[in-house]
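Geometric and topological summary
Chain by chain, the residues run as shown.
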Amino acid sequence: MSGRRTRAVRVERAQMRMPAGFDTRKLADPRVQKVLAQRISTNFGDGWEIEEANNDGTLTVRREVEISDVPSIDVKLASSVKLSDGAKKQSDFESEYPGYTMTAFDPYAHHATLTRLTDEEVRARGLVAEALQVKPWDVQVTSRADNGFDFQLRSYVPSKHDARIREVATETLGRPGWYHRVDMQNMVLSIIPGDLPTFPSAYPYPFGQSVKSVFDIPIGMALGGDGVPNRPLDLRLADSAGGLFQGLAGAGKSVSVNAVVYGVLERRHQLVILDVPHKAVDFEWCKPYVRENGWGCESKAAAVTAARLVYDEGVRRGKVLREMGVQKWQDLPEHVRAEMPLITIIADELTGLLAFDPIPKALPRDHPVRVEAAQAAAETELLKAVITKIPAEMRAAGIRLLLATQQAQSNTGIPPSVKLNLPNRVLLGINATKQARGHAFANPDSVPWVPEHIAADAKAGRGAGVAEFEGQTSTVFKAFYASTDDYLRHLEALGVPRAAHPEPTPAQIAKHVPRLDETEDDGPPPSALDAGGFGAPDGRDAPEPRLRGAAAAGHQLRVAEAEHARSQAAS
Ligand SMILES: Nc1ncnc2c1ncn2[C@@H]1O[C@H](COP(=O)(O)OP(=O)(O)O)[C@@H](O)[C@H]1O
Ligand SMILES: [Mg+2]
């Protein structure tokens, strides 16, 4: 490997004229060699040997003069040497002093310096000089103990040079995984060998760690690189209303959401789950630990109710904040916070939750199928309204919302204002499209991609994704993994309280979700909603079946509707 020689020599050369008509082929003849050797020694002295025969009838002879093995040699430059002679002088010096390289060239001071460099150092210096578009002798190179190189530079402009130096580090000089650092103070560039960062097939959930903050939820490990090891990544919820998790089926949404579920329960948040009935089985494991009546999974009406119960609690908390004269939950005295813990709502399969079939307007208004469809549309509107309002209004009350969905495209029904209020974004999956990233992230261009070598490695890539978290550098990451049994065992050991009634009661549902098909005798007279229907987005021109629910419910529905219409008009 090393180009360092054991002796330091200076090479001297001289020309010797041959007898006229000398046949250079005779040089191979030992007798001729003997005669020539004698002649050379008479003319030049000891230690010379023939280097080559030249066309002009001369022989080049050379000898090596031992010099002391100094790290560098100063040489004088003739006053005729110009700045533009640098390359020529370098090549002259380097053939005269094998193992030495010209490392300074100053024709104005009539001075050059030769330094003993290894072949690798010379090569590294050349590549860096080329990348920086400077002369090689203006870059001073030394080897590092870690097999990398340090370069003393005259100037370095990161915006101009980083990309090229990265290429030198990872391609021409080193290989992928090598990286560079610049000490701008001392103008030292280091190119350092490293391995490509990657993930193990799974990171076991780090149970038993001390809780730093009720707002910081451990989620996984961020990918390191450039000499930085992989490091724990928290979803930090102190200053935002929540987040949005996206990814195709199988990408790892449930695994990462489970980690969050455990994390918030460990931090004694009250948990609310909203899901479509056929997918709720994913969350069945944590049903015992939800907030009272916080299991909004058995029907859309249950989801609406569980969410609206939280909204009502938020309204109550708003009053408490005002009474205590504080801005937000964090400012409350500890005993008040203990009485009204953070609430985290997790809504999975949001796209499914917000979908509904068109209302079959060909059917009579009171046809049960039409009534059912209108009911579903109304409940969807209610859900959309409450999901829009909670992140917009309830952050100060200590309420957080995490949405999970296959794809948050504009056509999947997630109101843009909701996305806007949920700045923490996760996109799971190794092969995300540009389009998916565009929908997932606020600033897709500043979010890294899952590196190819991870995408190509089934184990490393499993569950990998990208996180764009507010107030943190966007990063590739992999969620912690634990089985739901493991999570349950630890929740039990922690003594996390269980709900007496996970599901919303029928009375709560009746209060929060008016029915369109109730009979006239059921309650008070119809509300003003009769006049305008639900304003469902299918453009119905006439009112749908008369609403017969409780006046209170009708009122709430109308308020939600109006709010929603306003928020839609605004967005
Ligand atoms: N972070 C992870 N660590 C290890 N394995 C994972 C991880 N994420 C996902 N997996 C594997 O991939 C499978 C599918 O993940 P899942 O979370 O159910 O996907 P999704 O909910 O997006 O459909 C999991 O059952 C698990 O085997
Ligand atoms: Mg899933």
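Predicted, not measured: the structure shown is a model, and the values here were computed from it.

1. Re the overall build of the chain
Of regular secondary structure, the chain possesses 17 helices and 21 strands. In the chain, which comprises 571 residues, the proportion classed as buried is 48%. Counting contacts in the chain only where the partners sit at least 6 residues apart, residues at least 24 apart contribute 67% of the total.

2. So, the pairing of strand E7 (residues 140-143)
The pairing of E7 with strand E8 (residues 149-152) spans four bridges and is classified as antiparallel. Its bridge partner being in E8, Val141 is matched across the sheet by Phe151. In sequence, E7 turns back onto E8 through a hairpin of five residues, with Asn147 there showing a positive phi of about 75 degrees.

3. Things to note about the site of ligand 1
Around ligand 1, the structure places 15 residues, and the nearest of them are Gly250, Gly252, Lys253, Ser254 and Val255. Between ligand 1 and Gly250 there is a distance of 2.5 Å, counted from an oxygen atom to a backbone nitrogen or oxygen. Protein chains shield 72% of the accessible area of ligand 1, which is 550 Å² for the free molecule. Contributions of two or more residues to the shell around ligand 1 are made by helix H5 (253-266) and strand E21 (475-481). In the shell around ligand 1, the residues fall into seven nonpolar, five polar and three charged.

4. A few points about the packing of aromatic side chains
A full pass over the atoms with the stated rule returns 14 aromatic pairs. Arranged with centres 4.8 Å apart and planes meeting at 45 degrees, the rings of Tyr205 and Phe207 form a pair that is tilted. Ring geometry for Trp285 and Tyr487: centres 5.5 Å apart, planes at 25 degrees, overall stacked. With Trp285 in the loop between strand E15 (270-274) and strand E16 (295-296) and Tyr487 in helix H14 (residues 484-494), this pair connects stretches of sequence that are 202 residues apart. This pair shows no difference in class: Trp285 is buried, exactly as Tyr487 is. Members of the aromatic cluster, joined through ring pairs, are Tyr205, Phe207, Tyr262, Trp285, Phe480 and Tyr487.

5. Description of the pattern of salt bridges
Under the counting rule described, the total for this entry stands at 25 salt bridges. For Glu12, the salt bridge identified is with Arg63, shortest N-O distance 3.0 Å. One end of the pair, Glu12, is in strand E1 (residues 9-17); the other, Arg63, is in strand E3 (residues 58-66), with 51 residues separating them in the sequence. Between Arg317 and Glu313 there is a salt bridge, with the nearest N and O atoms lying 2.8 Å from each other. Of this pair, Arg317 and Glu313 are both found in helix H6 (residues 300-324), four residues apart, which corresponds to roughly one turn of the helix. Both residues of the pair, Arg317 and Glu313, count as buried. Look at the salt bridges and you will find they share partners, linking Arg13, Glu51, Arg62 and Glu64 into a network.

6. Comments concerning helix H3 (residues 119-132)
An ideal rise of 1.5 Å per residue puts 20 Å on 14 residues; H3 measures up with 20 Å between its terminal C-alpha atoms. Three or more residues of H3 are buried, namely Glu121, Ala124, Arg125, Leu127, Val128, Ala129, Ala131 and Leu132. Backbone geometry just downstream of H3 places Gln133 in the positive-phi region, at approximately 60 degrees.

7. Let's talk about the sheet that holds strand E6 (residues 111-116)
Read across the sheet, three strands follow the order E4-E6-E5 without closing on themselves; strand pairing throughout is antiparallel. Where the open sheet ends on each side, the last strands, each with one partner, are strand E4 (72-76) and strand E5 (100-106). Strand-to-strand twist across the sheet, computed as the mean angle between neighbouring axes with direction ignored, equals 25 degrees. Two elements, E5 and E6, share six bridges in a ladder whose sense is antiparallel.

8. Notes on helix H2 (residues 86-96)
For an α-helix the count is 3.6 residues per turn, leaving residues at separations of three or four pointing the same way. Within H2 the residues assigned to the buried category are Gly86, Lys89, Gln90 and Phe93. Along the axis of H2, the buried residues cluster in a sector spanning 105 degrees; they form a single face. Turned more than 90 degrees off the buried face of H2, the exposed positions are Ala87 and Lys88.

9. Regarding the sheet that holds E3
As summarised here, the arrangement of the three strands in space is E1-E3-E2, forming an open sheet in which the pairing is antiparallel. Looking at the sheet topology across the chains shown, the edges are occupied by E1 and strand E2 (49-53). The mean inter-strand angle of the sheet, taken between neighbouring strand axes irrespective of direction, is 30 degrees. Relative to E3, E1 runs antiparallel, the two sharing nine bridges. Considered in E3, the bridge of Val9 is made with Glu66. Here helix H1 (residues 30-44) sits on the sheet and contacts E1, E2 and E3; the angle it forms with E1, its principal contact strand, is near 110 degrees.

10. Let's talk about the nonpolar core
Counting 64 residues, the largest nonpolar core has Phe245, Val260, Val261, Leu271, Ile273 and Ile346 as its most contacted members. Among the elements that take part in this core, H5 stands out by supplying seven residues, more than any other. Leaving out residues up to four positions away in the same chain, Ile273 has contacts with Phe283, Cys286, Val290, Gly294, Trp295, Gly296, Cys297 and Ile346. Ranked by size, the runner-up nonpolar core spans 32 residues in total, among them Ala347, Ile390, Leu401 and Val418.

The rules behind these values
Counting starts from 1 at the beginning of each chain's written sequence and moves along it residue by residue. Ligands are numbered from 1 and chains lettered from A, in the order in which they are written. The predicted nature of this model means local features are confined to residues of pLDDT at least 70 and side-chain atom pairs, given and counted, to a pLDDT of 80 or more, with totals for whole chains, interfaces and linings taken over all residues. With hydrogens and water set aside, each side-chain value is computed from the structure's full complement of heavy atoms. Only DSSP runs of H or I with at least four residues qualify as helices, and only runs of E with at least two residues qualify as strands; both kinds are numbered from the N terminus onward. For every residue, the accessible area (1.4 Å probe, protein chains only) is compared with the maximum for its type, and the residue is labelled buried under 20%, exposed over 50%, or partly exposed between those bounds. We call two residues in contact whenever any of their non-hydrogen atoms come within 4.5 Å of each other. Between any two strands, at least two bridges found by DSSP are needed for them to pair. Only heavy atoms are used to decide nearness, and a residue is near a molecule or strand if one of them lies within 4 Å of it. By the criterion applied in these results, polar contacts are pairs of N or O atoms within 3.5 Å in which, for protein atoms, one can donate a hydrogen and the other can accept it, and in which residues neighboring in sequence qualify only through two side-chain atoms. To be clear on the numbers: accessible area is Shrake-Rupley with a 1.4 Å probe, and residue cover counts the displayed protein chains and nothing else. Only Asp, Glu, Lys and Arg are considered charged, only Ala, Val, Leu, Ile, Met, Phe, Trp, Tyr, Cys and Pro nonpolar, and every remaining residue, Gly among them, polar. In summary, the pairing rule links any two rings of Phe, Tyr or Trp, Trp by its six-membered ring, whose centres are within 6.5 Å, and it sorts them by plane angle into stacked for under 30 degrees, edge-to-face for over 60 and tilted for everything else. A pair is scored as a salt bridge if a Lys or Arg side-chain nitrogen falls within 4 Å of a carboxyl oxygen belonging to Asp or Glu. Helices are assigned an expected span. That span is 1.5 Å times one less than the residue count. For helices, the fitted line uses only the C-alpha atoms of the stretch in contact; every axis is such a line through C-alpha atoms, and the angle between N-to-C directions lies from 0 to 180 degrees. By construction, the arc corresponds to the directions joining the helix axis to the C-beta atoms. Nonpolar core, defined: a set of buried Ala, Val, Leu, Ile, Met, Phe, Trp, Tyr and Cys residues in which side-chain atoms within 4.5 Å join the residues together.

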